[in-house]
Amino acid sequence: MAILLDGKKTANDLNEITRNRILKLKQRGIVPGLAVVIVGEDQASQRYVRNKHKLALKLGVNSIIKAVPATVTENQLLNLIAELNHDQTIQAILVQDPLPTRLNEQKIMQSISPEKDVDGFTTTNVGKLYLNHSGNYPVACTPKGIMTLLQQYNISLRGKKAVVIGRSAIVGKPMAALLVNAGASVSILHRYTNDITEYTQDADIVISATGVLRLLDSEAIKSGAVIVDVGQNLDENGHLVGDVDFETVRQKAAAITPVPGGVGPMTIATLMQQTVDLTEWGATNDE
Ligand code: GUN
């Protein structure tokens with residue numbers, strides 16, 4: 001039976017460290033500021049943004065939400081981001097994805113200053129990740145949170161076979177880069193992969209980020225594998241579940257993340273951690 005990779009507990013511990021770092025910054029007269037831009041009325045996005053805001057306030061972050069109507073023009077949005085880029089009270093900017101399709105998402109995300117890019121989505125920060133730069137730069141929060149969770153449970157990656165299912169800019173691609181940088185051999189699978197089980201059955205670590213209900217059952221995985229489930233799906237009964245058939249897979253895996261209570265809390269804790277990282281890095285540069 002697999003051990004549970006408890007994202008909720010690990011996130012709570014990380015949040016406690018973040019809260020203390022914020023207290024220390026406040027003693028120096030510095031308050032980390034996070035601006036979250038949300039466009040339109042998407043219910044799931046609004047819920048995520050509310051949760052981020054609540055946690056940020058609880059930890060002592062100066063959190064502001066910029067809610068703009070779905071009718072916003074690209075220029076208005078670019079102007080808002082430019083204002084935030086120049087705002088001395090804001091160290092971290094997040095534009096909630098997805099944006100309405102008529103907006104040029106790449107152009108908008110790339111207009112965020114790399115020094116305030118708390119999601120690590122700008123080409124500058126993605127490039128640093130791919131080149132495995134030393135030094136300080138933000139990384140996409142979900143993959144980085146997964147790395148923290150694996151570290152917490154002493155799951156070694158060097159020399160391991162890892163499979164990432166999903167090739168998004170938010171999860172799949174940065175996840176693969178982090179795993180490669182940590183010494184794993186990585187396959188990235190996606191909708192055009194003919195037979196995903198050909199890869200997953202051989203993998204020591206499987207990260208699934210597809211949004212496909214019951215994509216993986218116990219037949220699909222190797223005995224003793226580590227399974228990380230990034231999926232957020234509703235089952236037939238309206239319950240939140242991942243991509244993995246949890247009950248059968250947990251019998252065969254060595255370790256598995258639950259949904260809910262696995263990757264989700266780690267993402268938001270990492271967002272807070274990186275808000276403070278950006279603030280500390282900026283404060284060092286200013287001194
Ligand atoms: N939408 C879903 N996940 C994320 C994320 O990590 N960052 C942003 N900006 N939008 C998202």
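Let us look at the structure shown here. All figures in this text were calculated on a predicted structure; none of them were measured in a lab. (Residues numbered from 1 in each chain as written. Predicted model: local features only at pLDDT ≥ 70, side-chain atom pairs only at ≥ 80, totals over all residues. Heavy atoms only, no water.)

Within a sheet, adjacent strands bond to each other through the backbone by hydrogen bonds, running parallel or antiparallel. If you trace the three strands from one edge of the open sheet to the other, you get S3-S2-S4, paired in parallel fashion. Looking along the sheet, the strands with just one partner apiece sit at the ends: strand S3 (62–68) and strand S4 (92–95). For this sheet the average axis-to-axis angle between neighbouring strands, irrespective of direction, equals 15 degrees. Strand direction decides the pairing type here: strand S2 (residues 33–39) and S4, joined by four bridges, are parallel. Bridge assignment links Leu 34 to a residue of S4, and that residue is Ala 92. (Pairing = 2+ DSSP bridges. Helix = DSSP H or I, 4+ residues; strand = E, 2+ residues; numbered from the N terminus. Axes fitted to C-alpha atoms, helices over the stretch in contact; angles between N-to-C directions.)

Let's shift gears to the environment of Gln 27. By secondary structure assignment, the location of Gln 27 is in helix H1 (residues 7–27). Residue classification places Gln 27 among the exposed positions, given a relative accessible area of 69%. Taking C-alpha positions, Gln 27 is 33 Å from Gln 110, a pair spaced 83 residues apart along the chain. (Buried < 20%, exposed > 50% of the residue type's maximum accessible area, 1.4 Å probe, protein only.)

Around the ligand lies a shell formed by Leu 94, Val 95, Gln 96, Asp 97, Asp 119, Phe 121 and Ile 170. Taking Gln 96, its side chain carries an N or O atom lying 3.2 Å from a nitrogen atom of the ligand. Between a nitrogen atom of the ligand and a side-chain N or O atom of Asp 119, the distance comes to 2.6 Å. For the shell around the ligand, the class distribution of residues is four nonpolar, one polar and two charged. (Near = heavy atom within 4 Å. Polar contact = N/O pair within 3.5 Å; in protein donor to acceptor, adjacent residues only side chain to side chain. Nonpolar A, V, L, I, M, F, W, Y, C, P; charged D, E, K, R; others polar.)

This next bit is on the pattern of salt bridges. All chains considered together, the criterion is met by 10 salt bridges. Residue Arg 21 is joined to Glu 280 by a salt bridge in which the shortest nitrogen-to-oxygen separation is 3.0 Å. Of the two residues, Arg 21 is situated in helix H1 and Glu 280 in helix H10 (residues 263–286); the sequence distance between them amounts to 259 residues. A salt bridge links Lys 107 to Glu 74, with the shortest nitrogen-to-oxygen separation between them at 3.6 Å. A residue pair is termed long-range when its members are at least 10 positions apart, and Lys 107 in helix H4 (residues 105–110) and Glu 74 in helix H3 (residues 74–86) qualify at 33 residues. (Salt bridge = Lys/Arg side-chain N within 4 Å of Asp/Glu carboxyl O.)

Nothing here speaks to function; it is geometry throughout.
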